[in-house]
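Topology and contacts: notes
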Amino acid sequence: MSKLISRSVFCLLVLFNSSANAKISQWSLGAAAAYSPSFYKETPSNTTIIPMIGYEGEHLFLRGFSGGYRLKPVGSPQNIIFRFVYDPRTFKPNDSNDSNDSNDAAMQKLDERKSTVLGGVSYQLITHVGIIEFTGGTDVGRTHNGLYAEAAWRLPIRGRGWAITPSLGYSYNSEKLNNHLYGVSNEEALRTGVDQFNADWDGQFFIGLSTYFHITPNVRVTGGLRYVNLEGNLENSPMIEHTTSSTGNVGIAYVF
């Protein structure tokens, strides 16, 4: 009986993953917004709004802030996926609170940390208990040239005109990437008085939830939440105030 149940779940995952993109060459047009509270001391949250062009094909897909190309057709039990994603994480010194606090004044003298685009390659496996992905990549925007690796699990639950997908995983970043986001160089330390901090290879756990639903057959609303928990020596960065953060995004699109 347990084998029968496992096989049934596996078949449903393949079927759901395929049926979600059953309409090959499906285009959509709309707008999306992303919200991310800042890890940094005395800085406001990041909000990004962009026009969204979406495409769901058998191999190619575009989904607002991300996109990619599958070597095998969508829904294949195993796949290799080349992907890119916009990384909105930034630090703008001028956004620090303008007060008489010496810590705020020092934060305003640090170097700016800009957003970038990350590119990578994923191995995707559809199993009896969900979809497992292993991803490795780098900064294709050449902002910090750091590396990252990620292992993630997702469980798509789909109905008629809607879907909800819980996920969890772990992301591991290189020294270059972590220093870009959380490090304080010797030059910055001398200029600002903030303690020098050299970030090592380290990462964060995350838990996510994404969804979409159709208001009408042609109007689709999407959304997502992601909780991130920094770990290791990243918690000791003098730049950060919180080691946890919850990010979100929402979008609406017309499906052709």
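Here the structure is a predicted model, which is why all the values come from computation and not from measurement.

What follows is about the environment of Thr143. When you line up the elements, Thr143 lands in the loop between strand 7 (130-139) and strand 8 (147-154). Looking at Thr143, the relative accessible area reads 33%, which means it is partly exposed. Along the primary structure Thr143 and His180 are separated by 37 residues, whereas in three dimensions their C-alpha atoms are 8.6 Å apart. The residues touching Thr143, leaving out its near neighbours within four places in the chain, are Lys114, Ser115, Thr116 and His180. Of the polar contacts made by the side chain of Thr143, one reaches the side chain of Thr116; its length is 3.2 Å.

Once that is clear, we can look at the pattern of salt bridges. Throughout the structure, instances matching the rule amount to nine salt bridges. Of the charged contacts, one joins Glu56 and Arg63 as a salt bridge, the two residues approaching to 2.7 Å between their closest N and O atoms. For Glu56, a relative accessible area of 11% corresponds to the buried category. Exposure remark for Arg63: the relative accessible area of 40% places this residue in the partly exposed category. Salt-bridge contacts for Glu187 lead to Arg191; the nearest nitrogen and oxygen are separated by 3.3 Å. In this pair, Glu187 and Arg191 are both assigned in helix 4 (residues 186-192), four residues apart and thus about one turn of the helix distant.

Among the residues of helix 3 (residues 175-182), those classed as buried are Leu177, Asn178, His180, Leu181 and Tyr182. The buried residues of helix 3 occupy an angular sector of 165° when projected down its axis, which confines them to one face. Looking at the buried residues of helix 3, the elements they touch are strand 8, strand 10 (162-173), strand 11 (202-216) and strand 12 (219-230).

Of the two faces of strand 10, the one lined by Ala163, Thr165, Ser167, Gly169, Ser171 and Asn173 is fully buried and the one lined by Trp162, Ile164, Pro166, Leu168, Tyr170 and Tyr172 carries no buried residue. Pairing geometry for strand 8 and strand 10, over seven bridges, is antiparallel. For Ala149, the partnering residue across the bridge sits in strand 10 and is Tyr172. Note that strand 9 (residues 157-159) and strand 10 share three bridges and pair antiparallel. In the strand pairing of strand 10, Gly159 is matched with Trp162. Hairpin remark: strand 9 followed by strand 10, antiparallel, with two residues in the connecting loop; positive phi at Gly161, about 85°. Here strand 10 runs beside strand 11; their pairing, made up of twelve bridges, is antiparallel. Paired with Ile164 across the two strands is Thr211, which belongs to strand 11.

What counts and what doesn't
Residues numbered from 1 in each chain as written. Predicted model: local features only at pLDDT ≥ 70, side-chain atom pairs only at ≥ 80, totals over all residues. Heavy atoms only, no water. Helix = DSSP H or I, 4+ residues; strand = E, 2+ residues; numbered from the N terminus. Buried < 20%, exposed > 50% of the residue type's maximum accessible area, 1.4 Å probe, protein only. Contact = heavy atoms within 4.5 Å. Polar contact = N/O pair within 3.5 Å; in protein donor to acceptor, adjacent residues only side chain to side chain. Salt bridge = Lys/Arg side-chain N within 4 Å of Asp/Glu carboxyl O. Arc of directions from axis to C-beta. Pairing = 2+ DSSP bridges.

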